[in-house]
Amino acid sequence: MAVMRYQEALRLAMTEEMERDANVFLCGEEIGQYQGTYRVTEGLQQKFGPMRVLDTPISEVGIAGLATGAAMVGLRPVAEFMTWSFALSAMDQIVNHAAKITYMSGGRIRCPVVFRGPVGRGGQLSAQHSMSLESWYAHTPGLKVVAPATPADVKGLFKTAVRDDNPVIFMEHTALYPQRGEVPEDPEFTIPFGVAAVRREGADVTVVAYSHMVGVCLKAADLLAQEGIECEVIDLRTLVPLDMETVLTSVRKTNRAVVTQEEWKNVGFAAEVAARIYEQAFDYLDAPVERVGGADVPMPYARNLERAAIPHESDVIEAVRRTMS
Amino acid sequence: MAKATIEEAASGDIQRGELLALYRLMVLIRRFEESTYRKFREGKMGGYLHRYDGQEALVAGVVPQLRLPGDYILSTYRDHAHALACGTDPKAVMAELMGRVTGCAGGKGGSMHLIDPPRGFLGGDGIVGGPVPIATGVGFAIKYRGTDNVCVCYFGDGAMNQGGVHEAMNMAGLYKLPILYILENNQYAMGTSVLRSTGQMDFVLKAEAHGIRGEKIDGMDVLTVRDAVRRVLERIRQTGEPYFLEMTCYRFIGHGIGDDNTQGYKFYRTEEELETWKQRDPITRLHDYLIARDMLSEEEAETIEQEVRRIVQEAIEFAEASPEPPLDSLYEHVFVDHQE
Ligand SMILES: Cc1ncc(C[n+]2csc(CCOP(=O)(O)OP(=O)(O)O)c2C)c(N)n1
Ligand SMILES: [Mg+2]
């Protein structure tokens, strides 16, 4: 084990996978000579050269297409979007092409591509730079969706993503990049998809989260513990595949659930989890399932409005209290 | 050599008053931009901040030639100068940058989304290439209504590599829409030199491939820009056809607040390169031109400087004294409240 930042753990995972498999290459804007907008790929072009760390123009459609096409003929591309907010024009390549080619070809083609990049609300980046839209990708059959919350997870899940033979949407979070944590150094350390982690045990309320919201929920749980409410905080890690079993086991014990997400609440991923709890554990519930999410507005710039549009510990605490009342 | 260009360009029609107004506008933009980093570091602003230092001639040579309202302007996120040139009150611009309710977007847009619809400024766009397809629609609306107005669409050298830009330009060429494309070729897209971003460095050729006439001009010289734009606007108003102007320029400062010059130098450009371009500072060039012709004295230049500094200072004071937007406005403007 070594202590490192989320960002460094991701870089280590990339380095290890590129060393392990010569078919793995990176492409994206400013990832090479500029060392990465968030320094995730720092030093990698010097190490692996310009073909394996390919600097591209600002051409998201081209980037997604290059990665998808290369994957269809046996390479294992990792395409970076500078942030997921800029991937919208590439949606057609991802959703209509990468996600469907295996099915449309009757299984004759594999598309082992990773699309990665940061998401994250905050920092007053305003309306066009604050989206993650994970529910759009999770909605699409044929895409796996990963949203790691810790340095160890970002390493283990990224390695699994690269080794997976399917398109993977890999969403990091800008607020997590600087966070430190213990990370296994073993190059064979991986974390399987579809296995949620119980980050905190508790008997009273099940709190479901992923990505940055895991930390927010853990803080809320600490505060609630002071008033005697014990939350069980579950980190989904991957949205597709989704480990409902861990969630349901917890709900059968606590009889209450709060599902959280940072993104817009309307038709968000938390709604899917809540629906499945109702479908599969209705008889165990003592209270309606609560959802916590971002305000359903384009992100405003002003600091006070932005704060009000992002879910905080206080929102989780209120939702937990509602399930207890 | 710089002077020769200016002399040629200024042949004829330009009066001293207009020259001084151009000078004053460029100084205003420069001082305004300088003040923003100070205020950001004091914690008064957030997000990114993309400054226009070095590129002033691209708006000062263009916007005063437009008929506002009537004509339209679309820009990138590097948009403070565009708002100021349109005549948006510097107070409303500064207040927007500070996220105050008195800002030109009520504090909801911020630095990248300045806007002033009554003056024809349809706003800054945070998505690279984003304004170009929108300009197609604005140009179409002008043609639809049958006026001789023009839509001016600014975008960067990096944006030229967006697929949507080419779809849009093809349509403008096909339908013959009255759009003036202004390519702000400041040599870099963040840390990527134009030398590393395209297999075809001739941007005018790319426009011509879509049936749009174009030319490349010196964007470091406001009079060159002004003369070219006057000529081209006349042409667009008469023919209704699009035109493409690549303006060569350079940003004197990092891409945005996150890319300060120290870092920038290290990864993508040298101090020498910056210094070479600073020799062509559009403000200094016009200043020297005016002084050399006795159209401006050092005292008058100083008066302009003081006047501009006062405007910027007043804008700061106004913004700082303005309240944040009320919390209950969070859900306001997702949709228009009033339907026809
Ligand atoms: C579609 C999209 N991709 C990436 C970005 C991130 N980004 C913002 S500005 C920029 C560079 C743009 O360069 P250029 O078009 O030359 O304009 P300049 O900043 O030089 O004025 C990049 C990559 C974005 N905003 N939108
Ligand atoms: Mg540029």
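Just so it is clear, the structure is predicted and the values come from calculations on it, not from any experiment.

Scoring rules and cut-offs
Residues numbered from 1 in each chain as written. Chains lettered and ligands numbered in written order. Predicted model: local features only at pLDDT ≥ 70, side-chain atom pairs only at ≥ 80, totals over all residues. Heavy atoms only, no water. Helix = DSSP H or I, 4+ residues; strand = E, 2+ residues; numbered from the N terminus. Rg over C-alpha atoms; globule rule 2.2 N^0.38 Å. Buried < 20%, exposed > 50% of the residue type's maximum accessible area, 1.4 Å probe, protein only. Areas by Shrake-Rupley, 256 points an atom, 1.4 Å probe, with all protein chains shown as cover. Lys, Arg positive; Asp, Glu negative; His and termini not counted. Charge placed at Lys NZ, Arg CZ, Asp CG, Glu CD. Donors = N, O, S within 2.8 Å, 3.2 Å for Na, K, Ca; no water. Pairing = 2+ DSSP bridges. Axes fitted to C-alpha atoms, helices over the stretch in contact; angles between N-to-C directions. Disulfide = S-S within 2.5 Å. Expected span 1.5 Å × (residues − 1). Near = heavy atom within 4 Å. Polar contact = N/O pair within 3.5 Å; in protein donor to acceptor, adjacent residues only side chain to side chain. Nonpolar A, V, L, I, M, F, W, Y, C, P; charged D, E, K, R; others polar. Phe/Tyr/Trp six-rings, centres within 6.5 Å; stacked < 30°, edge-to-face > 60°. Lys NZ or Arg CZ within 6 Å of the ring centre and 35° of its normal.

J.: Mind laying out the overall build of chain B, listing which residues take part and the relevant values?
T.: From N to C terminus, chain B includes 13 helices and 8 strands. Since a compact globule built from 340 residues should have a radius of gyration of about 20 Å, the 20 Å found for chain B is in line with a globular shape. Overall, chain B is about 55 × 50 × 40 Å in size when its C-alpha atoms are taken along their principal axes. Taken across its 340 residues, chain B has 59% of its residues classed as buried. Of the accessible surface of chain B, which amounts to about 13900 Å², a share of 53% is contributed by carbon and sulfur atoms. Computed over 37 positive and 51 negative side-chain charges, the inter-centroid distance for chain B is 2 Å.

J.: Outline the coordination of the magnesium ion (ligand 2), listing residues and values.
T.: In an ideal octahedron of six donors the angles at the metal are 90 or 180 degrees, and in an ideal tetrahedron of four donors they are 109.5 degrees. Residue and element names in this part refer to chain B. Taken together, Asp 157 (OD), Asn 186 (OD1) and Tyr 188 (O) make up the full set of protein donors to the magnesium ion (ligand 2), lying 2.1 Å away. Within one chain, the residues serving as donors to the magnesium ion (ligand 2) are arranged as D-x28-N-x1-Y. Within this pair, whereas Asp 157 is found in the loop between β3 (151-156) and α7 (163-175), its partner Tyr 188 is found in strand β5 (residues 188-189), the two being separated by 31 residues in sequence. Accessibility assignment for this pair places Asp 157 and Tyr 188 in one class, buried.

J.: Could you give an account of the sheet that holds β3 of chain B, with specific residues and numbers?
T.: Sheet strands pair via backbone hydrogen bonds, and the direction of the pair is either parallel or antiparallel. All names here are of chain B. The sheet built from 6 strands is open, its strands ordered β2-β1-β3-β4-β8-β7 with parallel pairing. Taken across any chain shown, the strands that pair with only one partner, and hence form the sheet edges, are β2 (121-125) and β7 (213-218). Going across the sheet, the axis of each strand differs from the next one's by a mean of 15 degrees, ignoring polarity.

J.: Requested: an account of the state of the cysteines, with residues and values cited.
T.: Residues and elements named next belong to chain A. On inspection of all chains with the given rule, the structure shows 0 disulfides over all chains. Here Cys 217 is not disulfide-linked; the sulfur of Cys 231 is the nearest cysteine sulfur, at 8.4 Å. A relative accessible area of 1% places Cys 217 in the buried class.

J.: Lay out helix α9 (residues 222-239) of chain B in plain terms, naming residues and giving numbers.
T.: Residue and element names in this part refer to chain B. For α9, with 18 residues, the first-to-last C-alpha span of 25 Å sits near the 26 Å given by 1.5 Å per residue. Of the positions making up α9, those classed as buried are Val 222, Leu 223, Thr 224, Val 225, Arg 226, Ala 228, Val 229, Val 232, Leu 233, Ile 236 and Arg 237. Of the residues flanking the end of α9, it is Gly 240, one or two places downstream, whose phi is positive at about 75 degrees.

J.: Let's hear about the site of ligand 1: which residues, and what values?
T.: Close to ligand 1 lie 21 residues, the nearest being Glu 60 of chain A together with Tyr 77, Arg 78, Gly 158 and Asn 186 of chain B. Those chains with residues close to ligand 1 are chains A and B. Glu 60 of chain A places a polar side-chain atom, nitrogen or oxygen, 2.6 Å from a nitrogen atom of ligand 1. One nitrogen or oxygen atom from the main chain of Gly 126 of chain B is found 2.9 Å from a nitrogen atom belonging to ligand 1. Out of a free accessible area of 580 Å², ligand 1 has 97% covered by protein chains. Residues that form the shell around ligand 1 fall into these classes: 10 nonpolar, 7 polar and 4 charged.

J.: Go over the packing of aromatic side chains with me, naming the residues and quoting the values.
T.: The tally for this structure, following the rule as stated, stands at 15 aromatic pairs over all chains. Here the basic side chain of Arg 39 of chain A rests over the ring of Tyr 34 of chain A, its NZ or CZ set 5.3 Å away from the ring centre. Geometry around Tyr 37 of chain B places Arg 51 of chain B over its ring, the cationic atom sitting 4.4 Å from the centre.

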